[in-house]
Each structure stands twice: as structure tokens, then as C-alpha cells.
Amino acid sequence: MQREEIKIHTEFIKLQDLLKFAGAVETGGDAKLIIQEGRVSVNGEVCTMRGKKMRPGDTAAIDGELELVVT
């Protein structure tokens, strides 16, 4: 699994924005689609909330192939 650390300078970032910021998806529409399809897990559990607040220490995985770690 490919792992990337994403550094944020705010208290949190929304899951859909994290996927866009990391370059994992092209648009917000793409992020919405893969999140609603249940292809994204947050901290090991499938998450379908695109507005989920991601804070430092949280991880998001897409299809078990790409892991984004918020720092």
C-alpha cells in the first residue's frame, strides 16, 4: 500500500477536501462518488461522510491501495 503524509495547518480538513488536496481525485465530484460508494476508509472503518473532519493523526485509505496520513 502506498502511504503519503499530508500536512495541514488548520485544526481539521474535510475528507473530500483531503482527497482533492492530496491529488487522489481530480474534482470534488470524484471525491463524493468514491466516498458514497464506500471505497474510502477512515481509521480502518468504511466512511461515507464526505464532510468527515480529519485531524492530525487520522488516516484515510482508498481501495486499500493509497493511505493518506494527516499530520
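Everything below is about the structure printed above this text.
Just so we're clear, the structure is a prediction, and the values are computed from it rather than from any experiment.

Peer 1: Would you explain the nonpolar core in this entry?
Peer 2: For soluble globular proteins, nonpolar side chains are generally found buried alongside one another. The biggest cluster of nonpolar side chains holds 20 residues, and the ones touching the most others in it are L15, L18, L19, V40, M54 and L68. Only α1 (15-21), α2 (28-36), β3 (40-42), β6 (59-62) and β7 (66-70) provide two or more residues apiece to this core. Non-local contacts of M54, meaning those with residues more than four positions away in its chain, are made with I8, E11, F12, I13, K14, L15, L18, V42, T59, A60 and V70.

Peer 1: Help me understand unusual backbone geometry in this model?
Peer 2: A negative phi holds for most residues other than glycine; trans holds for most peptide bonds. A positive phi angle is found at N43, which is not glycine, with a value near 50 degrees. Looking at the secondary structure, you find N43 in the loop between β3 and β4 (45-46). According to the relative accessible area criterion, N43 is partly exposed, its value standing at 43%. Phi is positive for D63, which is not a glycine, with a value near 50 degrees. Along the chain, D63 falls in the loop between β6 and β7.

Peer 1: What is the right way to look at a positive patch on the surface in this model?
Peer 2: Together, K14, K32, R50 and K53 give the surface a local cluster of positive charge. Note that R50 resides in the loop between β4 and β5 (53-54). Judged by relative accessible area, which is 36%, R50 ranks as partly exposed.

Peer 1: Is there a simple way to explain the side chain of S41 in this structure?
Peer 2: Topologically, S41 is positioned in strand β3. Setting aside its immediate chain neighbours within four residues, S41 contacts V46, C47, T59, A60 and A61.

Peer 1: For this particular structure, what's the right way to read the environment of I35?
Peer 2: Considering the arrangement of structural elements, one finds I35 in helix α2. Residue class for I35 comes out buried when judged on its relative accessible area of 0%. In this structure, the C-alpha to C-alpha distance between I35 and L19, residues 16 residues apart in sequence, is 9.8 Å. Excluding residues that lie within four positions of it along the chain, I35 makes contacts with L15, Q16, L19, V40, C47, T48, M49 and R50.

Peer 1: Got a minute to help me understand the side chain of Q16 in this structure?
Peer 2: Along the polypeptide, Q16 turns up in helix α1. Its relative accessible area of 17% is what places Q16 among the buried residues. Apart from the residues within four sequence positions on either side, Q16 is in contact with A31, I35 and R50.

Cut-offs applied
Residues numbered from 1 in each chain as written. Predicted model: local features only at pLDDT ≥ 70, side-chain atom pairs only at ≥ 80, totals over all residues. Heavy atoms only, no water. Core = buried A, V, L, I, M, F, W, Y, C linked by side-chain atoms within 4.5 Å. Buried < 20%, exposed > 50% of the residue type's maximum accessible area, 1.4 Å probe, protein only. Helix = DSSP H or I, 4+ residues; strand = E, 2+ residues; numbered from the N terminus. Contact = heavy atoms within 4.5 Å. Patch = residues over 30% accessible without salt bridge, like charges linked within 9 Å, V, L, I, M, F, W, Y side chains within 5 Å. Areas by Shrake-Rupley, 256 points an atom, 1.4 Å probe, with all protein chains shown as cover. Salt bridge = Lys/Arg side-chain N within 4 Å of Asp/Glu carboxyl O. Lys, Arg positive; Asp, Glu negative; His and termini not counted. Charge placed at Lys NZ, Arg CZ, Asp CG, Glu CD.

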